[in-house]
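So the chains spell out like this:
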Amino acid sequence: MPGMVVFGRRWGIASDDLVLPGAFELFIRVLWWIGILTLYATRKGKFDCHGGALLHSYLIVLLVLLAFIILTLCAIVYVSAQGTIMNPGPRRSVPALVYLRALLYIPELVWACLGAVWVSDDSGGCEPAEVGIVLGTVVASWIILLSMFVGVLIVFDPLGSLRGPVPIGQYSGLRDLESSESSQLFYSARSLAVRVWESRLRLLCCCLPQDDNHRAAFSSIAQLVSGFFSDTDLVPSDIAAGLALLHQEQDKVEQCKDPDDVIPHSPSSPIIELEKAAHCMQFAVAAYGWPLYVYSNPFTGLCKLSGDCCRNPRAEYDLVGGDNLGCNFNSILHVTGLQYRDFIHISFHNQIYEIPFFVALDHKREAVLVAVRGTLSLKDALTDLSAECENLPVEGVSGACYAHKGISQAANYIYKKLVNDGILSQAFSIAPEYRLVITGHSLGAGTASLLAVLLRSTYPTLQCYAFSPPGGLMSKALAEYSKQFVVSVVLGKDLVPRLSIPNMEDLKRRILKMVSNCSKPKYKILLHGCWYEVFGGTPDDFPTEMENRREEELSQPLLGGGSLLVQGSTSYQSLSSDDSPTHSTHLPLYLPGRIMYITEDGPTRSCLIRSEVRYRAEWSSEMAFRSVLISPRMIADHMPDVVLRALHSLTSDRPFSLCPSSLSNSHLNVI
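Residues numbered from 1 in each chain as written. Predicted model: local features only at pLDDT ≥ 70, side-chain atom pairs only at ≥ 80, totals over all residues. Heavy atoms only, no water.

Where an unreviewed UniProt entry is consulted, the chain appears under the name Diacylglycerol lipase-beta, with the organism given as Astyanax mexicanus. Here the chain is described in UniProt, under the heading Cofactor (unreviewed entry), as follows: "Ca(2+)". The heading Sequence similarities (unreviewed entry) in the UniProt record of the chain holds the text "Belongs to the AB hydrolase superfamily. Lipase family." (UniProt positions renumbered as here; feature names shortened; annotations may be inferred.)

A. Just the overall build of the chain, in detail. Looking only at helices and strands, one finds 23 helices and 13 strands in the chain. When each of the 671 residues of the chain is scored for burial, the buried share is 51%. In the form shown here, the chain has an accessible surface area of approximately 30300 Å², with 61% of it arising from carbon and sulfur atoms. (Helix = DSSP H or I, 4+ residues; strand = E, 2+ residues; numbered from the N terminus. Buried < 20%, exposed > 50% of the residue type's maximum accessible area, 1.4 Å probe, protein only. Areas by Shrake-Rupley, 256 points an atom, 1.4 Å probe, with all protein chains shown as cover.)

B. Structural detail: the pattern of salt bridges. Summed over the entire model, instances satisfying the criterion amount to 23 salt bridges. Taking the shortest distance from any N to any O, the salt bridge between Arg101 and Glu25 comes out at 2.8 Å. Of the two residues, Arg101 is situated in helix α3 (residues 94–121) and Glu25 in helix α1 (residues 19–43); the sequence distance between them amounts to 76 residues. Grouping residues by exposure puts Arg101 and Glu25 together as buried. For Arg510, the salt bridge is made with Asp506, and the minimal N-O distance between the two is 3.1 Å. With Arg510 and Asp506 both in helix α18 (residues 501–517) and four residues apart, this pair spans about one turn of that helix. Judged by its relative accessible area of 25%, Arg510 falls in the partly exposed class. With a relative accessible area of 10%, Asp506 lands in the buried category. (Salt bridge = Lys/Arg side-chain N within 4 Å of Asp/Glu carboxyl O.)

C. Region of interest: the packing of α1 against α3. Close contact between α1 and α3 brings their axes to 16 Å; oriented N to C, the two are set at 35°. For the crossing formed where α1 meets α3, the hand is left-handed. Along its contact with α1, which presents Glu25, Arg29 and Trp32, the element α3 presents Arg101, Tyr105 and Glu108. Residues that form the contact of α1 with α3 fall into these classes: two nonpolar, no polar and four charged. (Axes fitted to C-alpha atoms, helices over the stretch in contact; angles between N-to-C directions. Left-handed = near helix turned anticlockwise from the far one by under 90°. Contact = heavy atoms within 4.5 Å. Nonpolar A, V, L, I, M, F, W, Y, C, P; charged D, E, K, R; others polar.)

D. The UniProt feature "transmembrane region" (unreviewed entry) in the chain, seen in detail. In the numbering used here, UniProt assigns the feature "transmembrane region" (unreviewed entry) to residues 20–41, 53–78, 98–119 and 131–156. Counted over residues 53–78, helix gives 100% and strand 0%. Its end C-alpha atoms are 38 Å apart. With 96% helix and 0% strand, the stretch residues 131–156 has end C-alpha atoms that lie 37 Å from each other.

E. A look at the packing of helix α8 (residues 236–256) against helix α19 (residues 522–535). Relative orientation of the contacting elements α8 and α19 amounts to 55°, with a least axis distance of 9 Å. In terms of their interaxial angle, α8 and α19 are classed as oblique. Every pair of crossing elements has a handedness; the one defined by α8 and α19 is left-handed. The residues of α19 that touch α8, namely those facing Ser237, Asp238, Ala240, Ala241, Ala244, Leu245, His247, Gln248 and Asp251, are Lys522, Ile525, Leu526, His528, Gly529, Tyr532 and Glu533. (Parallel < 35°, antiparallel > 145°, perpendicular 65-115°, else oblique.)

F. Looking closely at unusual backbone geometry. Backbone geometry places Phe7, a non-glycine residue, at a positive phi of 55°. Since its relative accessible area comes to 52%, Phe7 is described here as exposed. Phi is positive for Glu366, which is not a glycine, with a value near 50°. Its location among the elements puts Glu366 in the loop between β4 (357–362) and β5 (367–372). For Glu366, a relative accessible area of 47% puts it in the partly exposed group.

G. Quick peek at a positive patch on the surface. A surface patch of positive charge is lined by Lys276, Lys364, Arg365 and Arg435. Along the chain, Arg365 turns up in the loop between β4 and β5. Look at Arg365 and you get partly exposed, because its relative accessible area is 36%. (Patch = residues over 30% accessible without salt bridge, like charges linked within 9 Å, V, L, I, M, F, W, Y side chains within 5 Å. Lys, Arg positive; Asp, Glu negative; His and termini not counted. Charge placed at Lys NZ, Arg CZ, Asp CG, Glu CD.)

H. Quick look at a nonpolar patch on the surface. A cluster of nonpolar side chains, namely Leu146, Phe149, Val150, Leu153 and Ile154, defines an oily patch on the protein surface of about 530 Å² accessible area. Judged by relative accessible area, Ile154 falls into the exposed class, the value being 65%.

Here it is in structure tokens:
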């Protein structure tokens with residue numbers, strides 16, 4: 001629902017968000033009140049120490065003050081639990097209760113100060129238990145007051161003054177974007193949001209140089225992030241509730257799906273490609289250097305690297321290029337099994353749009369192998385988030401050629417290094433009969449795919465293996481062209497291959513529908529959602545997306561507040577039909593090449609209960625990745641060590657098992 005309006009501005013918290021924090025504080029206050037009451041009852045008439053009379057008065061007033069606070073919290077928790085996300089009417093009195101609770105902080109602050117003065121000046125001769133109770137009371141008061149201050153900072157909305165309460169009688173006039181006044185207000189809010197996000201990015205990246213590249217990246221990222229939910233009036237807890245509902249809805253659909261239903265794909269078997277992919281994935285993992293090596297080998301990694309980190313390989317071998325080697329280079333040796341002499345170029349130079357990579361001779365596969373590192377630094381994250389489109393003209397490709405700006409510039413950076421600096425020429429002068437293979441994971445996968453597109457005309461036999469590439473990478477024409485030489489590998493419910501601006505717009509649309517149609521209070525949705533994510537179980541039988549509900553209701557005033565959508569916005573227009581695609585103003589971007597999809601073959605398991613995993617591989621189409629799947633595994637399935645483990649499981653020496661349906665559909669199963 002819309003953010004709560006108190007103290008003349010809108011906040012990043014709704015009136016139904018006070019149930020759980022209020023209940024927690026209520027629990028603490030009740031225990032506190034019982035402790036003070038017990039002390040007072042047991043010591044009544046015995047406050048005969050120096051300052052005992054003051055202590056007696058202090059405890060009486062404290063008991064009364066805590067009683068008022070407890071009653072206020074009970075009212076806040078009860079009223080905040082009423083209604084639903086879309087029906088805040090029963091919670092109209094929450095702002096008044098918040099005002100009352102805020103007023104009670106004043107006497108609590110005064111009494112905490114008096115308690116501190118008594119402990120320091122007048123507690124001499126009193127029982128240690130009495131002094132300890134008062135000291136604990138003072139400390140608890142200051143902790144609660146500090147927590148309240150931090151909470152206010154967290155829920156503070158810099159745009160709150162521009163998103164104040166809208167009188168229902170004036171609703172249609174203010175919400176109509178055809179009105180010049182409301183349009184000016186909307187765009188003023190957007191401009192302020194962009195400035196706020198730019199300031200946040202500069203603060204987050206304060207250790208990075210503030211050059212033109214970084215300033216341009218901050219600006220484009222701020223425009224992207226600030227505009228995502230600018231046409232809605234949701235608070236973070238609404239989004240969390242919508243994600244919890246959507247996850248359960250997706251699981252219900254998956255459980256009802258016929259297990260024999262498969263996505264149409266290439267008739268060729270993925271077994272041979274799996275073996276090649278598993279081999280290349282080792283190089284993609286190695287490109288991350290020592291951090292991933294130590295993460296994957298927590299007990300032995302440091303010991304294996306410690307003896308070699310200080311050695312300088314250039315003293316014995318002639319390496320071209322390479323920055324900051326040491327532990328990074330030695331971890332690459334351990335992961336790939338190559339020798340020093342097999343490496344042509346190693347670079348760990350890292351700036352925005354400039355990512356590390358290495359070039360080596362892979363004698364086992366007779367290939368000159370280029371491995372590109374994925375996201376491992378804040379600079380890499382800025383490259384990821386520079387998601388607007390950039391032209392990428394490619395000779396021989398008909399149709400629009402454009403790609404993700406940040407990844408395109410990273411690919412051009414490596415292309416210039418490989419070609420202009422003669423790195424590939426040197427490699428093929430040593431092994432002229434070898435073929436070129438490019439690989440990478442995540443950001444490295446996207447960069448490797450675009451690099452392969454750029455190098456294809458010069459090296460027509462090259463192959464690229466992209467592991468967990470970003471979904472919003474290249475135009476349709478480039479994606480079709482790359483199917484000749486790029487294989488993308490996606491594991492399970494990995495978020496990144498499904499991460500594109502149109503997909504995120506679709507996710508926003510579904511979240512809006514979920515929260516608008518659910519008839520349960522938000523705290524119940526969140527509690528059940530947390531239980532479901534951690535322990536699994538049966539999805540709750542909440543109503544699904546907009547069943548028997550008019551979608552126009554999303555743009556109508558809520559009971560006692562504004563609407564969830566701004567009329568005329570892209571989200572408002574995308575809700576005109578449940579079956580209609582999201583009307584995005586952004587150009588569509590696609591996954592590269594042919595897509596090999598690896599899934600767990602078996603029932604969905606909770607994030608805490610992990611049994612032996614059985615995997616299945618199949619060729620898939622990019623249509624299978626047009627929506628974001630909500631799952632506890634959406635991040636874990638993206639991790640490079642997890643992808644490598646799945647590929648090793650599929651290509652191990654154990655016999656392959658092809659089920660009857662997979663004989664005709666090219667499925668690959670292994671236990």
